[in-house]
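What follows is each chain in one-letter form.
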Amino acid sequence: MSHIFRADFRLGRSVDIGVSTSKDLLRFLSASFSAVDAIAPVFDAFAAFRSPNPPLKKLPQAPKRIVSGVQPTGSIHLGNYLGAIKNWISLQNTHDTLFFIVDLHAITLPYDPKTLSKATRDTAAIYLACGVDPSKASVFVQSHVRAHVELLWLLSSATPVGWLNKMIQFKEKSRKTGDENVGVALLTYPVLMASDILLYQSDFVPVGEDQKQHLELTRELAERVNYLYGGRKWKKLGGRGGAIFKVPEPLIPPAGARVMSLVDGLSKMSKSSSSDQSRINLLDPKDVIANKIKRCKTDSFPYLEFDNPERPECDNLLSIYQLISGRTKEEVAQECKGMNWGTFKSVLTDALVDHLHPIQVRYEEITSDSAYLDRILAEGAAKASDIADSTLDNVYQAMGFLRR
């Protein structure tokens, strides 16, 4: 296909040029006119030949970052798995993810130092056994990245005590434990949680309903520090200016964010419960799972249904079955509507055993190879430290510290 261009030259001549390629155009101009005369029309005609409005290429966007962690206290149970870890498996495929074992949070209440190290390793092994892929996500131990504690102290200087006194979990746990057994760490726990999140400039944080208050404090603290030390104030100290911290958003799963106790459908499944009957631990053997489901609290209704506020245990057990089986809520409701409790408990037990068995087998493989687990944790801590140290350096600079 031939293109026609009209070029007006400074010598007063004009000419219609028919070309089929850019090389034809350049060859014609160089042969017919002096270089001085040809410069302007070459650029005009060549630009028109190429395209008057070339399309702009969109640069690929970096994936959004997510951070999350679980305490290494007690056994990882079904609530931890369905409410957090299981969701991580899909998130690691679409986001930049950092998953860590929050061992510093584990010492806010009385604990046994002899078991902390093993519990930390066991929790890391469960992460991997559940499907967390270290080639996609950074897996590490919180205390192995020193920046967590340093930022905790810096943030503490900007955190009003009144904010911490409003934290519901502090009030509840301190009431149960007694003032003489409550350390300052329990009060400042939310500030350490803020440090965990803000260090990595997180976009989203997966949280259950009971953790929303802590995340809201993290958001308020990020905005407060940005106001006190960021923007032009930071720039005057030699920094880049702007926000020091990204303000994260909550990511609440539509289902499974709050798995309830097997003995009380109104209480969350928890490690801290004195009754092991209240939870399904991920490493419970088949006979233990069967016994716990057989003895779990139900009601006297002759049928099963979701979303009846008068039947919290029924709703909880059906939700667990839905999440474990991978079916939709409608499919489970249809399958189970004609079942009695005895039949359903048998179905639920089989589903739990079938789902947890591969996790338990993989866990045994991982814990038998300590060198592999150590390498994964070391690599994860190194990647996390690169991000955390950069943020920490910015905070020190913005707060006016003498730089090393």
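Cut-offs used in this document
Residues numbered from 1 in each chain as written. Predicted model: local features only at pLDDT ≥ 70, side-chain atom pairs only at ≥ 80, totals over all residues. Heavy atoms only, no water. Core = buried A, V, L, I, M, F, W, Y, C linked by side-chain atoms within 4.5 Å. Buried < 20%, exposed > 50% of the residue type's maximum accessible area, 1.4 Å probe, protein only. Helix = DSSP H or I, 4+ residues; strand = E, 2+ residues; numbered from the N terminus. Domains from an automatic or database assignment. Axes fitted to C-alpha atoms, helices over the stretch in contact; angles between N-to-C directions. Parallel < 35°, antiparallel > 145°, perpendicular 65-115°, else oblique. Left-handed = near helix turned anticlockwise from the far one by under 90°. Contact = heavy atoms within 4.5 Å. Phe/Tyr/Trp six-rings, centres within 6.5 Å; stacked < 30°, edge-to-face > 60°. Lys NZ or Arg CZ within 6 Å of the ring centre and 35° of its normal. Expected span 1.5 Å × (residues − 1). Nonpolar A, V, L, I, M, F, W, Y, C, P; charged D, E, K, R; others polar. Pairing = 2+ DSSP bridges. Right-handed = clockwise from strand over helix to strand, strands pointing away.

A. Broad picture of the nonpolar core. In terms of nonpolar packing, the biggest core is built from 54 residues, with Leu78, Tyr81, Tyr127 and Phe344 touching the most fellow members. The greatest single-element share of this core, amounting to 10 residues, is contributed by helix H14 (residues 341-367). When residues of this core are assigned to domains, at least three map to each of domain 1 (65-256 + 370-399) and domain 2 (276-366). Core analysis: the next-biggest nonpolar cluster, separate from the first, contains 43 residues, Leu152, Ala194, Leu221 and Ala398 among them.

B. How the structure looks around the packing of helix H11 (residues 286-295) against H14. Following both chains from N to C, one finds H11 and H14 inclined at 150 degrees, their axes separated by 9 Å at the closest point. Considered as vectors, H11 and H14 are oriented roughly antiparallel to each other. Like other packed secondary-structure pairs, H11 and H14 cross with a definite hand, here right-handed. Across the interface between the two elements, Lys286, Ile289, Ala290, Ile293 and Lys294 of H11 pack against Lys345, Leu348, Thr349, Leu352, Val353 and Leu356 of H14.

C. Seen up close, the side chain of glutamine 322. Counting through the fold element by element, glutamine 322 comes out in helix H12 (residues 312-325). Of the residues examined, glutamine 322 reaches a relative accessible area of 15% and is grouped as buried. Once you skip the residues sitting within four places of it in the chain, glutamine 322 turns out to touch Phe306, Arg327, Thr328, Lys329 and Val332.

D. Broad picture of the packing of aromatic side chains. Overall, the coordinates contain 8 aromatic pairs when judged by the stated rule. Ring geometry for phenylalanine 301 versus tyrosine 303: centroids 6.0 Å apart, planes at 85 degrees, classification edge-to-face. Arranged with centres 5.1 Å apart and planes meeting at 85 degrees, the rings of tyrosine 396 and phenylalanine 401 form a pair that is edge-to-face. Given the relative accessible area of 41%, phenylalanine 401 is considered partly exposed. Within the aromatic cluster, the residues linked to one another by ring pairs are Trp88, Phe99 and Tyr127. Lying over the aromatic face of tryptophan 163, arginine 224 brings its terminal NZ or CZ to 5.7 Å of the ring centre. If you follow arginine 311 out to its NZ or CZ, it ends over the ring of tyrosine 303, 5.2 Å from the centre.

E. Spotlight on H12. A rise of 1.5 Å per residue sets the reference length of H12, with its 14 residues, at 20 Å; its end C-alpha atoms lie 20 Å apart and thus fit the reference within 8%. Among the 14 residues in H12, 11 count as buried, and that is most of the element. For H12, the full list of buried residues reads Pro312, Glu313, Cys314, Asn316, Leu317, Leu318, Ile320, Tyr321, Gln322, Leu323 and Ile324. Against helix H3 (78-91), helix H13 (329-336) and H14 lie the buried residues of H12. Positive backbone phi, approximately 80 degrees, marks glycine 326, located one or two places after H12.

F. Just the packing of helix H4 (residues 113-129) against helix H15 (residues 370-398), in detail. Relative to each other, H4 and H15 sit at 85 degrees, their axes nearing to 11 Å. Judged on the interaxial angle alone, H15 and H4 are roughly perpendicular. Taken together, the residues of H15 that come into contact with H4 (itself represented by Arg121, Ala124, Ala125 and Leu128) are Ser370, Tyr372, Leu373, Asp374, Ile376 and Leu377. Looking at the contact of H4 with H15 residue by residue, the classes come out as 7 nonpolar, 1 polar and 2 charged.

G. Up close: the pairing of strand E4 (residues 96-101). Of all 6 residues in E4, 5 are buried; the element is thus mostly enclosed. Bridge count for strand E3 (residues 65-70) against E4 is 6 bridges, and the pairing is parallel. Bridge pairing in E4 links valine 67 to leucine 98. Of the crossover connections in this fold, the one passing from E3 over H3 to the parallel E4 is right-handed. Bridge analysis of E4 against strand E5 (residues 137-141) gives 5 bridges, and the strand direction is parallel.

Geometric descriptors of this kind do not, in isolation, establish any biological role.
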